[in-house]
Every structure is written in structure tokens, then in C-alpha cells.
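Understanding the architecture of this molecule
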Amino acid sequence: DFVAGFTNAKPDQKEKEGSRRAKTGLDLFKIDYKVTWPFSLVVGRKTLVKYQLIFSHLFQFKFVERKLTEAWQQQQEVRVQRLVDPSGLEENLTCKQMLHFVHNYLAFMTFETVEP
């Protein structure tokens, strides 16, 4: 089972070193729900863990989208300078492409995968 393998996985040395960094709110934020009877017959703990993994993934992508949008807005503020010196044009294009990908990925995951 994917979830059982994911939650019981032993961290390797690289993961142990990475876990020493300070945890941010993005890392610690999760949704939990107490399932009452009769819903507990249908929705088990494994289902909730899967939901938490999906929620965490989408939440992190939403954070990336927000940061890319901020970067894009900052680049648009200095648009006049780029017309004189087009050296930042490639960075602007890369940021726009990443933002486009993240928008489409989030739309696909929420409207095509999670909702139906």
C-alpha cells in the first residue's frame, strides 16, 4: 500500500540532515477530521491520510503559485527598465512559464482530479 509505505518509510541520511532545518508553517499545516459513525464505516484512517497527502501537496503548490505571482508582479513594476536593457527578459519569460505551469497544474488537480 502506498500510504503505509510512505508513512512507515525509514529516512535516509540526507532526509535526516534535511529534517534538522527549522519547520515552517507550510511544513506543519495539515487538515484533520474526526469521522463519526456512520461515516466511519466508509471513511477510514487510510482514506484520511491519503486526503492529507493530497491537501498538503496542493497547499504547497498554492504557496509556490503565490510566490511566483509576487515575483511576476515585481518584474512588471520594472518593465520600463527592461525596455531599455533587455537582459532580464529571459528571467521574466521563465517566471511567466513557471507561473503558467503551476496555474494549469492546480486547475487540473482541483477540477479534473479531486472534484469528480
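Basis of the calculations
- Residues numbered from 1 in each chain as written.
- Predicted model: local features only at pLDDT ≥ 70, side-chain atom pairs only at ≥ 80, totals over all residues.
- Heavy atoms only, no water.
- Core = buried A, V, L, I, M, F, W, Y, C linked by side-chain atoms within 4.5 Å.
- Buried < 20%, exposed > 50% of the residue type's maximum accessible area, 1.4 Å probe, protein only.
- Helix = DSSP H or I, 4+ residues; strand = E, 2+ residues; numbered from the N terminus.
- Contact = heavy atoms within 4.5 Å.
- Phe/Tyr/Trp six-rings, centres within 6.5 Å; stacked < 30°, edge-to-face > 60°.
- Lys NZ or Arg CZ within 6 Å of the ring centre and 35° of its normal.
- Salt bridge = Lys/Arg side-chain N within 4 Å of Asp/Glu carboxyl O.

1. Section: the nonpolar core
Core analysis: the largest hydrophobic core is formed by 7 residues, namely L58, L68, C95, L99, V102, L106 and M109. Of all the secondary structure elements, the ones that give two or more residues to this core are α4 (45-77) and α6 (89-114). Per-element accounting of this core gives the leading share, 5 residues, to α6. In this structure, C95 is in contact with L68, A71, W72 and Q75, ignoring residues within four places of it in sequence.

2. Let's talk about the side chain of Q52
Counting through the fold element by element, Q52 comes out in helix α4. Judged by relative accessible area, which is 14%, Q52 ranks as buried. Ignoring sequence-local partners within four residues, the contact set of Q52 consists of K30, I31, D32 and R45.

3. With respect to the packing of aromatic side chains
What the rule picks out here adds up to 4 aromatic pairs. An aromatic cluster is defined as three or more aromatic residues linked by ring pairs; in this entry it consists of Y51, F55 and F59. Above the ring of W72, the side-chain terminus of K96 is found at 4.9 Å from the ring centroid.

4. A short note on the pattern of salt bridges
Any two side chains of opposite charge can pair if their charged atoms end up close together. Inspection of the entire model under this criterion finds 2 salt bridges. For E65, the salt bridge goes to K62, with nearest N and O atoms at 2.9 Å. Of the two residues, E65 and K62 are both situated in helix α4; the distance of 3 residues between them amounts to about one turn of the helix. Assessed through its relative accessible area of 10%, E65 is described here as buried. Given a relative accessible area of 42%, K62 falls into the partly exposed group. Between E70 and K67 there is a salt bridge, and its shortest N-O distance comes to 3.7 Å. Taken together, the positions of E70 and K67, both in helix α4 and 3 residues apart, correspond to about one turn of that helix. For E70, a relative accessible area of 35% corresponds to the partly exposed category. We classify K67 as partly exposed; its relative accessible area is 43%.

Shape descriptors only; they carry no functional weight alone.
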